[in-house]
Each structure stands twice: as structure tokens, then as C-alpha cells.
Amino acid sequence: MGLVSYVKESYSELTNHVSWPSWAEAQKLTVTVAVFSVIFALIIWGIDSAFSNVITQYFSWIKG
């Protein structure tokens with residue numbers, strides 16, 4: 001199977017067999033993904049900050 005055949009089959013799959021969401025639904029889902037991405041990033045930042053503080057305190061306890 002050559003590259004041209006692969007591209008033709010991929011295009012056919014995208015145009016004939018994929019159900020695309022409406023523009024309004026795509027916008028709504030994009031906003032949902034963006035909001036949850038920010039929420040998860042803040043959660044990870046918080047956990048990272050907490051672990052950083054714990055490790056800093058641990059090393060200051062060992063040093064002192």
C-alpha cells in the first residue's frame with residue numbers, strides 16, 4: 001500500500017464514515033476541554049507545590 005493510496009483511503013474515511021459534530025457542539029466541547037485542562041493543571045500545580053514544600057522542610061530538618 002503506497003502513500004497515495006493511504007491518503008485516499010484516509011480522506012474517504014473522514015468524509016464518508018466519520019460523524020462530525022455541529023459547530024455549536026464543537027465550540028461547547030472545546031470550552032469544556034479547556035476548562036477541565038485548566039482545572040487539572042491547577043490541581044497538579046497545587047500537588048507539586050505541596051510536595052516541594054514537604055521536601056524543602058525535610059531537607060531543612062535533616063540539615064539543621
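Residues numbered from 1 in each chain as written. Predicted model: local features only at pLDDT ≥ 70, side-chain atom pairs only at ≥ 80, totals over all residues. Heavy atoms only, no water.

## Side note on the overall build of the protein
As a reminder of what qualifies: A helix here means a DSSP run of H or I that spans at least four residues, while a strand means a run of E at least two residues long, and both kinds are numbered starting from the N terminus. Only the C-alpha atoms count toward the radius of gyration. The rule for a globule is 2.2 Å times the residue count to the power 0.38. A 1.4 Å probe and the Shrake-Rupley method give the accessible areas. Residues count as covered only by the protein chains that appear here.
For the protein, the count of helices and strands is two helices and zero strands. Radius of gyration (C-alpha) of the protein: 24 Å, far over the 11 Å computed for a compact globule of 64 residues. On the protein, roughly 6,100 Å² of surface is accessible, and the fraction owed to carbon and sulfur atoms is 71%.

## Quick notes on the environment of Trp23
Worth spelling out the cut-off: Burial classes follow relative accessibility: with a 1.4 Å probe on protein chains only, a residue under 20% of its type's maximum area counts as buried, one over 50% as exposed, and anything between as partly exposed.
With respect to the helices, strands and loops of the structure, Trp23 is situated in helix α2 (residues 23–63). Among the residues examined, Trp23 registers a relative accessible area of 67% and is labelled exposed. It is 41 Å that separates the C-alpha atoms of Trp23 and Ala50, two residues lying 27 residues apart in sequence.

## Things to note about the packing of aromatic side chains
In plain terms, the rule: Aromatic pairs are defined between Phe, Tyr and Trp rings, using the six-membered ring for Trp, whenever the two ring centres lie within 6.5 Å; interplanar angles under 30 degrees are classed as stacked, those over 60 as edge-to-face, and all others as tilted.
Per the stated rule, a full pass over the model turns up three aromatic pairs. Aromatic side chains Tyr58 and Phe59 sit 5.5 Å apart centroid to centroid with 70° between the ring planes, which places their arrangement in the edge-to-face category. With a centroid separation of 6.3 Å and an interplanar angle of 40°, the aromatic rings of Tyr58 and Trp61 are classed as tilted. One end of the pair, Tyr58, and the other, Trp61, are both in helix α2, three residues apart, so they sit about a helical turn from each other. Using a relative accessible area of 45% as the deciding quantity, one classes Tyr58 as partly exposed. Put simply, the rings of Tyr58, Phe59 and Trp61 touch in pairs and so form one group of aromatic residues.

## With respect to the environment of Ala41
Tracing the sequence through the fold places Ala41 in helix α2. A sequence separation of 20 residues divides Ala41 from Pro21, and the C-alpha atoms of the two residues are 27 Å apart.

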